[in-house]
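Overview (structure and organization)
Below, each chain spelled out in residue letters.
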Amino acid sequence: MRSAPSRLAALLRQGHFVVTAELSAIDSPDPAVTLNRAAALRGHADAVNCTDNTGAHVHLSPLAAAHLVSEAGVEPIMQLTTRDRNRLGLQADLLGAAALGVRNVLIMSGDDVSAGDHPEARSSYDIDSMQLVRIARTMRDQGTYLSGRRMESAPSFFIGAVENPFAPPYDFRPARLAKKVEAGAEFIQTQLVFDVPRLDAFMRRAGDLGLLERVAIIPSVAVPRSARGARFMKEKVPGVQIPDAVLRRLEAVPVARQAAEGIRIAVEIVNQLRDIAGVRGVHVIAIRWDEGVLTVIEEAGLLPRPLAGAGAAVAALP
Amino acid sequence: MNEPVSLLGRAVIAIERPLKEAVWDCRMCGQCILHSTGLSCPMRCPKNLRNGPCGGVRADGACEVFPDRPCVWVEAWEGSRRLPLWRDHADHLNPPVDWRLQGSSSWINLATGRDRRRPRGWVSEAADAQRA
Ligand code: SF4
């Protein structure tokens, strides 16, 4: 990992088991709304993802959200999909993010518009996520755009990408991870983990390919709030696999106690993940339920987080 | 804008298009990478992915966008395992599409080298160069 003044990168380099969370999607023009939601996660998460029209539904732009999140004293991870912008728009937003002090970017294709609230839209898909990872890397390392034209100075990013070990073709997933690392990815956030053995198999294969020293893998853990919510996720959110055993476990308890059961499930998964070699942190998310996220982070014993001040000191490390 | 097509180009397209459409459901992107996709045309992917599947592939191997179709990249991976010569080409980082070539002949573009022209800032081995 090349030095980037990202605190997340510094924590990983120091060997901390990191915790990231997600800002729930914002539909308000009032900055106070974003500031408050970000502040709620402060002290529990080392960095917070700002999603990019998540689920192909329109929300506050990740660039604006990331800026406000850092105003709230929380380090943002700006997500960027290749669905909504062409290569010009993507590079402009990467540079814009850097100018606003955003140090972490997470690049992905994004859910198709058919999953969202504007299914009639035309998607961009001018370039793919693998190519954008390489472009971001080149912007940072060479200080040039894809065209070859130079920027006045190179932006500094910690470059992330996503992977879904739970989607076919399963054997291709580790190879695709290798390709993303080759393209320039430095950290990976995975799709939601419910099937720990499959994640374990994926990690072993990534280890065989020598990838675990080159990329920090941060699996995602969802906190289901109810059996209905979990079923919705399984059926409606592209790429999410939830084993029937998990659904049955939620359904076995009365509705009023399902949230508590969801927290128990998430805590168990976090604890199992910690034992897997190469897992460098967890990304804890829930659908519009910050309290659930905070509780899981607490009950999994992930507090206290390393002090924010530590970041400034370590950022100067080579 | 698409680049103008010469008379020769048109003649070749008259052969290439029906043939490749019939065999691979070719979309005439003009920069063929079938060798790195197990002979499964990546331009059939609704996200135009040229470097592997997205995270939305369904458990049964169907496309996220069209549940009644197999994912182009599931087919690509299986296809690439069967290729004796181009197996490793699945690992190639394919550059961004040059949309000006849409509708032109990939055979001619291969012969002239037009399909290997990249934007100046596209670094094929960026990470490796940096590590060195
Ligand atoms: S020329 Fe392009 S569209 Fe046609 S088969 Fe090859 S990759 Fe697919």
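Here is what the cut-offs are and how they apply
- Residues numbered from 1 in each chain as written.
- Chains lettered and ligands numbered in written order.
- Predicted model: local features only at pLDDT ≥ 70, side-chain atom pairs only at ≥ 80, totals over all residues.
- Heavy atoms only, no water.
- Domains from an automatic or database assignment.
- Contact = heavy atoms within 4.5 Å.
- Buried area = accessible area lost by both parts, 1.4 Å probe.
- Salt bridge = Lys/Arg side-chain N within 4 Å of Asp/Glu carboxyl O.
- Helix = DSSP H or I, 4+ residues; strand = E, 2+ residues; numbered from the N terminus.
- Polar contact = N/O pair within 3.5 Å; in protein donor to acceptor, adjacent residues only side chain to side chain.
- Near = heavy atom within 4 Å.
- Nonpolar A, V, L, I, M, F, W, Y, C, P; charged D, E, K, R; others polar.
- Axes fitted to C-alpha atoms, helices over the stretch in contact; angles between N-to-C directions.
- Parallel < 35°, antiparallel > 145°, perpendicular 65-115°, else oblique.
- Left-handed = near helix turned anticlockwise from the far one by under 90°.
- Buried < 20%, exposed > 50% of the residue type's maximum accessible area, 1.4 Å probe, protein only.
- Pairing = 2+ DSSP bridges.
- Core = buried A, V, L, I, M, F, W, Y, C linked by side-chain atoms within 4.5 Å.

In this section: the domain arrangement of chain B. Residue and element names in this part refer to chain B. Along its sequence, chain B is carved into domain 1 (1–29 + 99–132) and domain 2 (34–93). On a C-alpha basis, the centres of domain 1 and domain 2 stand 19 Å from each other. Listed by partner, the interface residues are eight residues for domain 1 and eight residues for domain 2. Carbon and sulfur atoms supply 72% of the area that domain 1 and domain 2 bury against each other, a total of about 720 Å² over both sides.

This paragraph deals with the pattern of salt bridges. Residue and element names in this part refer to chain A. As enumerated under the stated definition, the model contains 27 salt bridges over all chains in all. A salt bridge links Arg-249 to Glu-261; its shortest N-O distance comes to 2.7 Å. Taken together, the residues Arg-249 in helix H9 (residues 244–251) and Glu-261 in helix H10 (residues 255–274) connect sequence positions 12 residues apart. Salt bridges linked by common partners bring Arg-137, Arg-140, Asp-141 and Glu-186 together as one network.

Further remarks concern the interface of chain B and chain A. Contact residues are listed per partner, giving 41 residues for chain B and 41 residues for chain A. Interface of chain B and chain A: buried area, both sides summed, is about 3300 Å²; carbon and sulfur atoms make up 54% of it. The tally of links between chain B and chain A comes to zero salt bridges. Taken together, the connections running from chain B to chain A amount to 17 residue pairs in polar contact (both at pLDDT 80 or more). Put simply, the parts of the chain that give the side of chain B that touches chain A at least two residues each are helix H2 (72–82) and helix H4 (126–131) of chain B.

Attention shifts here to the site of the ligand. Residues and elements named next belong to chain B. Taken together, Lys-20, Cys-26, Arg-27, Met-28, Cys-29, Cys-32, Ile-33, Leu-34, Cys-41, Pro-42, Met-43 and Ser-106 make up the full set of residues near the ligand. Classifying every residue of the shell around the ligand gives nine nonpolar, one polar and two charged. Per-domain counts for the shell around the ligand show at least three residues from each of domain 1 (1–29 + 99–132) and domain 2 (34–93).

Now for the packing of helix H4 (residues 87–99) of chain A against helix H5 (residues 129–142) of chain A. Residues and elements named next belong to chain A. Their axes nearest at 11 Å, the elements H4 and H5 cross at an angle of 45°. When the axis of H4 is compared with that of H5, the two are oblique. Crossing of H4 against H5: the hand is right-handed. For the pair H4 and H5, the contacting residues are Leu-90, Gln-91, Leu-94 and Leu-95 in the first and Leu-132, Ile-135, Ala-136 and Met-139 in the second. Split by residue class, the contact of H4 with H5 holds seven nonpolar, one polar and no charged.

We now examine the environment of Ala201(A). Residues and elements named next belong to chain A. With respect to the helices, strands and loops of the structure, Ala-201 is situated in helix H7 (residues 196–208). Take Ala-201: its relative accessible area is 44%, and that puts it in the partly exposed class. Through-space distance from the C-alpha of Ala-201 to that of Pro-174 is 9.8 Å; in sequence the pair is 27 residues apart.

The next thing to look at is the sheet that holds strand S2 (residues 47–50) of chain A. Residue and element names in this part refer to chain A. If you trace the eight strands once around the closed barrel, you get S1-S2-S3-S4-S5-S6-S7-S8, paired in parallel fashion. The sheet shows a mean angle of 25° between the axes of neighbouring strands, taken without regard to direction. Sheet analysis places strand S5 (residues 158–163) next to strand S6 (residues 187–192), joined by four bridges and oriented parallel. Considered in S6, the bridge of Glu-163 is made with Thr-190. Sheet strands touched by H10: strand S7 (216–222) and strand S8 (281–285). Its angle to S7, the strand with the most contacts, is close to 165°.

Attention shifts here to the packing of helix H6 (residues 172–183) of chain A against H7(A). Residue and element names in this part refer to chain A. The contact between H6 and H7 brings their axes to 9 Å, and the two run at 50°. One element, H6, and the other, H7, form an angle in the oblique class. At the point where H6 passes H7, the crossing takes the right-handed sense. Packed against H6, whose contacting residues are Arg-173, Pro-174 and Leu-177, the element H7 presents Phe-202, Arg-205 and Ala-206 at the interface. Taken together, the residues that form the contact of H6 with H7 break down as four nonpolar, no polar and two charged.

Attention now goes to the nonpolar core. All names here are of chain A. Leu-199 and Leu-273 are the most contacted members of the largest nonpolar core, which has 87 residues in total. With eight residues, the top contributor of residues to this core is H10. If we skip the residues at most four places from it in the chain, Leu-273 touches Val-193, Leu-199, Pro-219, Val-221, Val-279 and Val-282.

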